[in-house]
Amino acid sequence: MSTSSFDAADRAIIVATQGGLPLVPRPYHAIAEQTGLSVEEVMARLRAMLAAGVIRRIGAVPNHYAIGWTANGMTVWDVADERIDALGSQVGALECVTHCYRRPRALPTWPYNLFAMVHGSSREEVLAKAEDIRTLLGDACRGSDVLFSTRILKKSGLRI
Amino acid sequence: MRERPAAELDAVDRRIIDTLQGGFPISEHPYAEAAAGLGVAEGELIARLQRLLEAKVLTRFGPMVHIERLGGAFVLAALAVPEARYEEVAAAVNALPEVAHNYRREHALNMWFVLATETPEGIPAAIAKIEADTGLPVHAFPKEAEYFVEMMLESRV
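Residues numbered from 1 in each chain as written. Chains lettered and ligands numbered in written order. Predicted model: local features only at pLDDT ≥ 70, side-chain atom pairs only at ≥ 80, totals over all residues.

Undergrad: Where do I start with the overall build of chain A in this structure?
TA: Within chain A one finds five helices and five strands. Taking the principal axes of its C-alpha atoms as reference, chain A extends roughly 60 × 35 × 25 Å. Counting over 160 residues, chain A shows a buried share of 38%. When contacts within chain A are restricted to residue pairs at least 6 apart in sequence, long-range pairs at least 24 apart make up 60% of them. (Helix = DSSP H or I, 4+ residues; strand = E, 2+ residues; numbered from the N terminus. Buried ≥ 20, exposed ≤ 12 C-beta atoms within 10 Å, placed from the backbone. Contact = placed C-beta atoms within 7 Å.)

Printed below as a string of structure tokens:
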């Protein structure tokens, strides 16, 4: 989805904040100084980008490991094509799932088309949650795997 | 960044993490406003955010951009990296600014990363660069449907 209203000033605000919001009492004034825009315009444009969903949210991004979610499993499932959209929405609605997508298979080595990220404090907890997903998918599921992460190699977020 | 044991956090840190994952005010004195909601002083909130970022309990504090809404692209991709070359390949992949995050996972496909680019054409260009730099084929898994995205997790420590 492309937005024609997104312009150079919006882009300048995003570039100025993608490393983080300045940790000073008046951060939007700091961004205004950096971009050459007025502070009113910086705040108005940020509000507009939030409303349009160009900015998902403004806040803290925790390192999951550091806040106790030490087990992180990418659960992947081979789900019948004609049932995946209905079931994918149900899997995404489970409390334990933070992201859920349909993606293309890469046959023959990768038969999985449903990806659901599951977090827990232990691998046992993640595997138990994966069992809940398996139960939900029932006979529409022909195979699955859980890929545990063992290391964060990079987590800088978006850079434009 | 190794998988690390849970950090030492006190009750105020946990409140900051659990309540400030979204909804940070857009106003003249947003830290003062957020701090009032948390029952701490403005200076203390700023100092704690600084400390949580330095300790890598937080990876960022600020706006999270939805690049697809800007006409950009966001693609999950994976590599099967020989163990002996793992560090070298990780360095080569991480060197690309288009790589937003990258995780080691237990599988034959043992490196999973997300490419975020300002235009759709940026994705094949980044993939070609990684393949040229590493000599390994990149497996791309672009999303075909998004059923749910909610990145907020409460602290458990």
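Undergrad: Is there a simple way to explain the interface of chain B and chain A in this structure?
TA: Bring the parts together and some accessible area is lost; that lost area is often taken as the interface size. Opposite the 70 residues of chain B that make contact, chain A presents 68 residues. Broken down by secondary-structure element, the contributors of at least two residues to the side of chain B that touches chain A are α1 (11–19), α2 (30–38), α3 (42–54), β1 (58–65), α4 (86–94), β3 (99–105), β5 (139–141) and β6 (145–149) of chain B. With eight residues, the single largest contributor to the side of chain B that touches chain A is β1(B). Of the residues assigned to the side of chain B that touches chain A, the class counts are 37 nonpolar, 15 polar and 18 charged. In the sheet, strand β5 (residues 141–155) of chain A pairs with β3(B) via five bridges, with the strands oriented antiparallel. (Nonpolar A, V, L, I, M, F, W, Y, C, P; charged D, E, K, R; others polar. Pairing = 2+ DSSP bridges.)

Undergrad: Looking at this structure, how should I read the sheet that holds β5(B)?
TA: Strand pairing in a sheet relies on backbone hydrogen bonds. The paired strands run either parallel or antiparallel. Strand order in this open sheet of nine strands is β5(B)-β2(B)-β4(B)-β3(B)-β5(A)-β2(A)-β4(A)-β3(A)-β6(B), and the pairing throughout is antiparallel. Each having just a single partner strand, β5 and β6 of chain B make up the two edges of the open sheet. Averaged over all pairs of adjacent strands, the angle between strand axes in this sheet comes to 25°, irrespective of strand direction. With three bridges connecting them, strand β2 (residues 73–79) of chain B and β5(B) associate as antiparallel partners. Looking across to β5(B), one finds that B:Ala77 is bridged to B:Ala140. This element, helix α5 (residues 122–134) of chain B, spans β2, β4 (111–117) and β5 of chain B of the sheet and lies at about 140° to β4(B). (Axes fitted to C-alpha atoms, helices over the stretch in contact; angles between N-to-C directions.)

Undergrad: I tried to follow the confidence of the model for chain B on my own but got confused; where do I start?
TA: Residue-level pLDDT values for chain B average 92, and 95% of them are 70 or greater. Mean pLDDT values for the elements of chain B range from 90 in β6(B) up to 98 in α4(B). (pLDDT = per-residue confidence, 0-100.)

Undergrad: Can you walk me through the domain arrangement of chain B in this structure?
TA: Each domain of chain B was delimited in the assignment, giving domain 1 (1–64) and domain 2 (67–141). Computed over C-alpha atoms, the centres of domain 1 of chain B and domain 2 of chain B are 30 Å apart. (Domains from an automatic or database assignment.)

Undergrad: Would you take a moment to explain the pairing of β4(B) for this structure?
TA: The side chains of a regular strand alternate, first on one face of the sheet and then on the other. All names here are of chain B. The element β4 is extensively covered by neighbouring structure, given that six of its seven residues are classed as buried. As paired strands, β3 and β4 are joined by five bridges and run antiparallel to one another. Bridging across to β4, valine 99 finds its partner in leucine 115. Count of turn residues in the β3/β4 antiparallel hairpin: five residues.

Undergrad: Sorry, what's going on with α5(B) here?
TA: Residues lying three or four places apart along an α-helix face the same way, a consequence of the helix completing one turn every 3.6 residues. Residue and element names in this part refer to chain B. Counted at 1.5 Å a residue, the expected span for α5 with its 13 residues is 18 Å, and the 18 Å between its end C-alpha atoms agrees. Burial in α5 covers these residues: Ile123, Ala126 and Ile130. The arc that holds every buried residue of α5, seen down its axis, measures 65°, which confines them to one face. In α5, the exposed positions angled more than 90 degrees off the buried face are occupied by Ala128 and Ala132. Buried residues in α5 make contact with β2, α4 and β4. (Expected span 1.5 Å × (residues − 1). Arc of directions from axis to C-beta.)

Undergrad: It is not clear to me how the environment of B:Tyr31 should be interpreted in this structure. Could you clarify?
TA: Looking at the secondary structure, you find B:Tyr31 in helix α2. Separated by 103 residues in the primary sequence, B:Tyr31 and B:Thr134 have C-alpha atoms spaced 44 Å apart. In contact with B:Tyr31, other than residues within four places in its own chain, are A:Pro25, B:Glu42, B:Leu45 and B:Ile46.

Undergrad: Just checking my understanding: could you explain the domain arrangement of chain A for this structure?
TA: We note that the domain assignment places domain 1 (8–52) and domain 2 (71–148) within chain A. Once you take the C-alpha centre of each, domain 1 of chain A and domain 2 of chain A turn out to be 38 Å apart.

Undergrad: Any chance you could explain the nonpolar core here in plain terms?
TA: In summary, soluble globular proteins display a tendency toward joint burial of nonpolar side chains. Of all hydrophobic cores here, the largest spans 58 residues; its most connected members are A:Ala60, B:Ala77, B:Val93, B:Met111, B:Phe113 and B:Leu115. Dropping the residues within four chain positions of it, B:Val93 is found in contact with B:Val99, B:Asn102, B:Met111, B:Phe113 and B:Ile130. Counting 23 residues, the second largest nonpolar core, distinct from the first, contains A:Leu114, A:Ala116, A:Ala130 and A:Val146. (Core = buried A, V, L, I, M, F, W, Y, C linked by C-beta atoms within 7 Å.)

Undergrad: Looking at this model, I keep getting lost on helix α2 (residues 27–35) of chain A. Mind explaining?
TA: For α2(A), the complete set of buried residues consists of A:Pro27, A:Tyr28 and A:Ile31. What you see down the axis of α2(A) is that its buried residues fit within an arc of 95°, all on one side. On its buried side, α2(A) packs onto α1 (8–17) and α3 (39–52) of chain A together with α2 of chain B.

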